[in-house]
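# Structural overview for review
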Amino acid sequence: MSICNICPRKCKVERKISIKDEGKLGYCRCGMLPVISRAALHHWEEPCIAGTRGAGTVFFAGCNLSCVYCQNYEISEMRKGIEVSVERLREIYFELIAQGAHNIDLVTPTQYTHAIFQSLREPLPVPVVYNCGGYESVHTVAFLRKKVQCWLPDLKYADSKAAARYSNAPDYFEVATAAIEQMFRQTGPYQMDSEGILQKGVLIRHLILPGQVENTKRVLEYVAETFEPGDVLFSLMRQYTPWGRASEFPEINRPITDEEYEECENYMEALGIEDGYVQQKASSNANFIPAFDGTGVLKSEK
């Protein structure tokens, strides 16, 4: 690769291989080799992802969005983690599968697309879940079409002003919806196995932000107008907890209210979106943020 055009930022820099090397970095400030913050069974995804045994979740450091409120701010912006080889990344997959993982859940993987592609040259015995912020290039989604079975994108914003203010991505809606539609073209309607675990398809997540009910309604309208019942799953999330740099933005430096969530949930029902999930109020709790302590990253001496 001569220049990096993996994500919509199109930095066009020749990214250095290792973060330890001399050379250039793009917007994500990551090298090409993956930096992993945690690799473990994770029980806090949607039921069709976490199931009864947990998702085999690999948390990658870095991000191409820089959301000011990110609950994973410690790794997305501070990039806390351990750099590993492609070979070690694939070993991690199989260690998680041996622990009983229903799938391999790649969290914030975009900046390491090439390493992930290499790690998936041979198919895995469980589905691969691409768990991303939604700010993806259509060509990158297409590049991964034979490697990823389940797409788990956020659809954060329909409001360009909010997208610019909180994620430095004023073109977010146009970019994310194009990517999501490409994901759906590749998988078709979602499919579950007998245990209710997603085997292929698209699950769109939307996190309600404080004071952004109208933004949420526009997102819901897009989903209802674009997809038929049975096409995609949708997760309406109320787990927002002020984190990262949220204190610098007073209007979002609070949890959402019961009234805000109920208004959004009622609107979703009125639009006929039934395939998916809602969240309990208790999900808005920092206790659900995992410890990014390098668990499962290095090879055990056993």
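Rules and cut-offs
Residues numbered from 1 in each chain as written. Predicted model: local features only at pLDDT ≥ 70, side-chain atom pairs only at ≥ 80, totals over all residues. Heavy atoms only, no water. Helix = DSSP H or I, 4+ residues; strand = E, 2+ residues; numbered from the N terminus. Buried < 20%, exposed > 50% of the residue type's maximum accessible area, 1.4 Å probe, protein only. Areas by Shrake-Rupley, 256 points an atom, 1.4 Å probe, with all protein chains shown as cover. Disulfide = S-S within 2.5 Å. Expected span 1.5 Å × (residues − 1). Contact = heavy atoms within 4.5 Å. 1 Å grid on protein atoms, 1.4 Å probe; cavity = no way out; pocket = protein on both sides within 12 Å on 5 of 7 lines; lining within 4 Å. Points joined across faces, edges and corners; volume = space filled by probe spheres on them. Arc of directions from axis to C-beta. Phe/Tyr/Trp six-rings, centres within 6.5 Å; stacked < 30°, edge-to-face > 60°. Lys NZ or Arg CZ within 6 Å of the ring centre and 35° of its normal.

## What to know about the overall build of the protein chain
The secondary structure content of the protein chain amounts to 9 helices and 10 strands. Seen through its principal axes, the protein chain has C-alpha atoms that stretch 50 × 45 × 35 Å. Relative to its full complement of 302 residues, the protein chain shows a buried share of 56%. Roughly 13,200 Å² of accessible area belongs to the protein chain as shown, and the carbon and sulfur atoms make up 50% of that amount.

## Quick notes on the state of the cysteines
This model, assessed by the stated rule, comprises 0 disulfides. With no disulfide partner, C48 has as its closest neighbouring cysteine sulfur the one in C150, 7.9 Å distant.

## A word on helix α8 (residues 213–226)
Its 14 residues give α8 an end-to-end C-alpha distance of 20 Å, which sits within 8% of 20 Å, the value for a rise of 1.5 Å per residue. For α8, the elements touching its buried residues are α7 (172–187), β8 (198–207), β9 (233–237) and α9 (258–270).

## Section: empty space enclosed by the protein
This model, assessed by the stated rule, comprises 1 cavity of 30 Å³ or more. In this structure, the largest cavity spans a volume of roughly 110 Å³. What lines the largest cavity is a set of 14 residues, among which C4, I6, C7, R15 and C28 lie closest to the centre.

## What about the environment of E122?
By the secondary structure assignment, E122 is in the loop between α4 (113–119) and β5 (128–132). Between the C-alpha atoms of E122 and R90, which are 32 residues apart in sequence, the distance is 9.8 Å.

## Describing α9
Between its first and last C-alpha atoms α9 spans 18 Å; for 13 residues at 1.5 Å apiece the expected length is 18 Å, and the two agree. All of the buried residues in α9 are E260, Y261, C264 and M268. Considered in projection along α9, the buried side chains sweep an arc of 95° and stay on one side of the axis. Residues of α9 that are exposed and point more than 90 degrees away from the buried face comprise E259, E269 and A270.

## Describing the packing of aromatic side chains
Applying the stated criterion across every chain, the model contains 12 aromatic pairs. With a centroid separation of 6.5 Å and an interplanar angle of 70°, the aromatic rings of Y69 and Y166 are classed as edge-to-face. Of this pair, Y69 sits in the loop between β2 (55–60) and α2 (73–76) while Y166 is found in helix α6 (residues 160–167), placing the two residues 97 residues apart along the sequence. Judged by its relative accessible area of 4%, Y166 falls in the buried class. Judged by centre distance (6.0 Å) and plane angle (10°), the ring pair of Y135 and Y172 falls under stacked. Here Y135 is found in the loop between β5 and α5 (138–143), whereas its partner Y172 is found in helix α7, with 37 residues between them in sequence. What makes Y135 buried here is its relative accessible area of 3%. An aromatic cluster is present here, built from Y69, Y166, Y240 and F249 joined pairwise through their rings. Over the ring of Y261 we find R238; its NZ or CZ atom is 4.5 Å from the centre of that ring.

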